[in-house]
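Residue-level structural notes
Residue-level listing of the chains:
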Amino acid sequence: MLNSLHLLINSQIFSMEVHFLDVGNTKYGDCILITHDGKSILVDGGHPGDSPIILRQLKKILKKNPPYVIDLLIVTHCHSDHIGCLPALIKMGDIEPQYALLADPEYGFAEQGFSMEDRATHLADSPRATFFSLLAEEDHTDMNNEELELFIEDVAKLSDKYREMYESLPNVSFFRGVDKMDGSIENKFADFGLKIIGPTHEHLIICKNLLEQSADAAISEDSPMFSDELDRSKMMEAYRSIVGKIKEDAFVAGLEDRPGPGAAKNNQSIVFSVGDNTKGAKTLLAGDMQLAKAEVSGLNTDMDSLIESIFQLIPFDVVKLSHHTSYNGISEALFSRWIENQTTLFIHTGGKNDATHPDTKVLQFLKKQNRKINFLRTDRNGLISIIPKAGGQLEVLPAKGRPNDFTPNIPDDTITEQVQPANKISEAPPGGSIGSSALTTVSEKNGGPATNEISASDSFVEVKAKIPHSSTRVTITIDIDPEKKKSEKAVVDYPPLPPATSDRFNKLLFVTSSKGLAKNIGESEAGNVINLIKDNFRAPLVDLPYPTTIQEAVVLVQQRIRDCKGIVLVGGYDIVPSEPLDVLTPKQRKNIELEGYKIKDSDNFIVWSDDCYADLDNDSLPEYPISRIPDGKDAALIFNSLNASLSNPESKFGIRNVARPFAKQVFDSIPGFSKDFKVSETAISEHLDQEMAKGAVYLMLHGSDFDGTKFWGEEENGYLLEAINIEKIPKNTAGSVIFTGSCWGH
């Protein structure tokens, strides 16, 4: 199980929580929820299509169903990855803001060349306005044509949706500079310690003027590229061409991002902080403000003044790294100043499919200080919650992954799987509303392996195929509603059934549910499993009703166990239930809950045990050995497990967490030769070689319920360290037997 981070800060007891929400795979994006004594502030809204993932996290945090009353809504600036899905959430009644501090659309959409009052008569028939709004967005040229066309549609409608949103809200204040504010918003939310830091009105005007200059260029009568006849295909072509030229010029100048209209919008971001010594973790939130490199002519002096205003409020407990941890959002000099002034927790926000954010050079200088800082990132850690604890302590809870992951993203860093040969089933990740799986059948020929990419959201399952270009015939089948087409389920190529035997399995009692197994792997496949156990193994079988309770299942199993030597459960917990056990005594639990530590364990110190099936005298100890073969909703997994040959490994390999010395006794009892038993903190995944993944493999490490590809040890200071990465283990390890004490993911 992943450890949470615990950070000591100089504070009193407080209740303000800060949650950095997961914004999915799409590049860029911010969404932050701050709660305090039943009130909430929502900052930005991710991407336009993020409603499902945002609502799911709001439900988890607020522990209720929508609608959610939001006491204050803040939109930092007018980019699509910050306005995001807010118009949709408000229109559908999912969130109900009571007050709003919004980026002023007259400033934020100035590139469109006309006022908000004129928008209704201009935008519908103005491709020129859409095109220059597109140029003022972040770079999306890496999208394919279909994705880019959808993005263009979102951008074309963004200012209209923003207008509809704020016109529907009560108590709206437009941000026109910190020097133009009357203090009413800060007073209204003084219990959050809300402090608006900047920018100034003059700062905003400089950015607005740059956007208007881009609009003047767009409306040039002698520029056919910006004709009102510009259709979507020509617009995409023009967009790729112009942005490509801008990027080329930026590269020559040593810049990774695109100076110009996009920078002008970033630099309109509302910069503010929440929390203080009595109200919660003091947190700096600067939107996409380009604190390190303004990249807007004439803005450097104003930016320097803004930076000094920020550092007048130090120290901060938490800093959200500006502009998705871009080179222009944070510099090593700024970073060093924060560290010198006691900031230890830094947060990156953004989607996973972003090869340039976090910036590689920024990651390098963050990594150099890894002993002094804690760095978390929504693209790797998902939802990040900062929870106050008694005694001036902060508990930092990442939903997944490990802290201080300084590895850069790679292009199109999606969920990637190798496609199975023809007639194999490859399931999409859960969560898609179009059904529980997407079946992909690929015939490959003369050209090497094909790779398949499958990503899921609440509304869509997206399948991408990368095929070697060499006489390759490809067929892709998507099962839209598998529940209605069970009879058409693809047939799995099972290994040959072993011959009937009377000496290996006939003294083992097998336990499953044929109905439950059929639901998970298919009726014919479940029938084959039952026949294999009864006819080929000649083993006794308890076929449980489905669904059933743990009490009912234990009675049925113990009625048959007397003449057996062991029990094998076939199927997951939904098929053969397991018993929840409280590992704490009532006194221990009372003391822990009084001390406020209940949240430290994601399962509330409850474990699940199968021992009850073999515990005949009710002493909580099994009288017979018991094992479980999970189904994983994959018939091949069960068949391969049942057909596995007897193991007599000549070698063994193991890694244990540095905090688990008792694992040495377990490792010594496993047959096979080994030079040594690895210990992580020193053993890391990069050191794996072919020999280390052969024979008997024993892992006693941290695992994750979100990511089954990685396992972690830990350093003496408690920070996690990647010890095993499945993707780095050599492929030719057939015949290995893995025994693991790792929680989750094993």
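Structural data are supplied above this passage.
Calculation rules
- Residues numbered from 1 in each chain as written.
- Predicted model: local features only at pLDDT ≥ 70, side-chain atom pairs only at ≥ 80, totals over all residues.
- Heavy atoms only, no water.
- Buried < 20%, exposed > 50% of the residue type's maximum accessible area, 1.4 Å probe, protein only.
- Helix = DSSP H or I, 4+ residues; strand = E, 2+ residues; numbered from the N terminus.
- Pairing = 2+ DSSP bridges.
- Right-handed = clockwise from strand over helix to strand, strands pointing away.
- Axes fitted to C-alpha atoms, helices over the stretch in contact; angles between N-to-C directions.
- Contact = heavy atoms within 4.5 Å.
- Salt bridge = Lys/Arg side-chain N within 4 Å of Asp/Glu carboxyl O.
- Disulfide = S-S within 2.5 Å.
- Parallel < 35°, antiparallel > 145°, perpendicular 65-115°, else oblique.
- Left-handed = near helix turned anticlockwise from the far one by under 90°.
- Nonpolar A, V, L, I, M, F, W, Y, C, P; charged D, E, K, R; others polar.
- Phe/Tyr/Trp six-rings, centres within 6.5 Å; stacked < 30°, edge-to-face > 60°.

Considerations on the pairing of strand 12 (residues 345-348)
Here strand 12 shows a buried face lined by Leu345 and Ile347 and a second buried face lined by Phe346 and His348. Taken together, the three bridges between strand 11 (residues 318-320) and strand 12 define a ladder with parallel strand orientation. Its bridge partner being in strand 12, lysine 320 is matched across the sheet by isoleucine 347. Handedness of the strand 12-helix 15 (residues 360-367)-strand 13 (residues 374-377) crossover: right-handed.

So, the sheet that holds strand 21 (residues 566-570)
Sheet architecture is open: four strands sit in the order 20-19-21-24, paired in parallel fashion. For this open sheet the edge positions go to strand 20 (541-543) and strand 24 (626-629), each flanked by a neighbour on one side alone. For this sheet, the mean angle separating the axes of adjacent strands, direction not counted, is 20°. As defined by bridge partners, strand 19 (residues 508-512) adjoins strand 21 across four bridges and the pair is classed as parallel. Counterpart to valine 511 in the pairing with strand 21 is leucine 569. Each of strand 19, strand 20 and strand 21 touches helix 18 (residues 523-536); the most contacted strand, strand 20, lies at about 150° to it.

Side note on the pattern of salt bridges
In total, this model carries 13 salt bridges according to the counting rule given. Ionic pairing is found between arginine 402 and aspartate 405, a salt bridge with its closest N-O pair at 3.9 Å. The exposure classification of arginine 402 matches that of aspartate 405, with both residues buried.

Here's the deal with the state of the cysteines
Summed over the entire model, instances satisfying the criterion amount to zero disulfides. The closest cysteine sulfur to the non-disulfide-bonded cysteine 31 is located on cysteine 85, 6.6 Å from its own sulfur.

Quick notes on the sheet that holds strand 12
The six strands lie next to each other as 8-9-10-11-12-13, forming an open sheet whose pairing is mixed. Bordering the open sheet on either side are strand 8 (195-198) and strand 13, each of which pairs with just one other strand. In this sheet, neighbouring strand axes are inclined to one another by 20° on average, regardless of whether the strands run parallel or antiparallel. Pairing of strand 9 (residues 271-274) with strand 10 (residues 283-285) involves three bridges; the strand directions are antiparallel. If you follow valine 274 over to strand 10, its bridge partner there is threonine 283. Here helix 12 (residues 300-311) sits on the sheet and contacts strand 8, strand 9 and strand 10; the angle it forms with strand 8, its principal contact strand, is near 150°.

A word on the packing of helix 18 against helix 21 (residues 635-642)
Where helix 18 contacts helix 21, the axes come no closer than 10 Å and their chain directions differ by 15°. With respect to their mutual orientation, helix 18 and helix 21 come out roughly parallel. Here helix 18 and helix 21 pass one another in a crossing that is left-handed. Here helix 18 contributes Glu525, Asn528, Val529 and Leu532 to the contact with helix 21, which in turn contributes Ala635, Ile638, Phe639 and Leu642. Its residues placed into classes, the contact of helix 18 with helix 21 shows six nonpolar, one polar and one charged.

Section: the environment of valine 178
Within the secondary structure, valine 178 is located in the loop between strand 7 (172-175) and helix 8 (184-188). Residue classification places valine 178 among the partly exposed positions, given a relative accessible area of 24%. For valine 178, the residues in contact, after removing those within four places along its chain, are Ile196, Ile197, Gly198, Pro199 and Thr200.

Some thoughts on the packing of aromatic side chains
For any pair of aromatic rings, the description rests on two quantities: the centre-to-centre distance and the angle between the ring planes. Under the criterion given, the structure shown has 14 aromatic pairs. Ring plane angle 25° and centroid distance 5.6 Å describe the contact between phenylalanine 311 and tryptophan 338, whose orientation is recorded as stacked. In this pair, phenylalanine 311 is assigned in helix 12 and tryptophan 338 in helix 14 (residues 332-340), connecting sequence segments 27 residues apart. Tryptophan 338 carries the same exposure label as phenylalanine 311, and that label is buried. Look at phenylalanine 505 and phenylalanine 537: their rings are 4.2 Å apart centre to centre, the planes differ by 35°, and that puts the pair in the tilted class. One end of the pair, phenylalanine 505, is in the loop between strand 18 (461-466) and strand 19; the other, phenylalanine 537, is in the loop between helix 18 and strand 20, and 32 residues separate them in sequence. Using a relative accessible area of 12% as the deciding quantity, one classes phenylalanine 505 as buried. Among the residues examined, phenylalanine 537 registers a relative accessible area of 1% and is labelled buried. The structure contains a cluster of three or more aromatic residues connected by ring pairs, namely Phe311, Phe335, Trp338, Phe346 and Phe365.

Some points on helix 17 (residues 514-521)
Restricting attention to buried positions, one finds in helix 17 the residues Gly516, Leu517, Ala518, Asn520 and Ile521. The secondary structure elements touched by the buried residues of helix 17 are strand 19, helix 18 and helix 21. Glycine 522 sits one or two residues past helix 17 and shows a positive phi near 110°.

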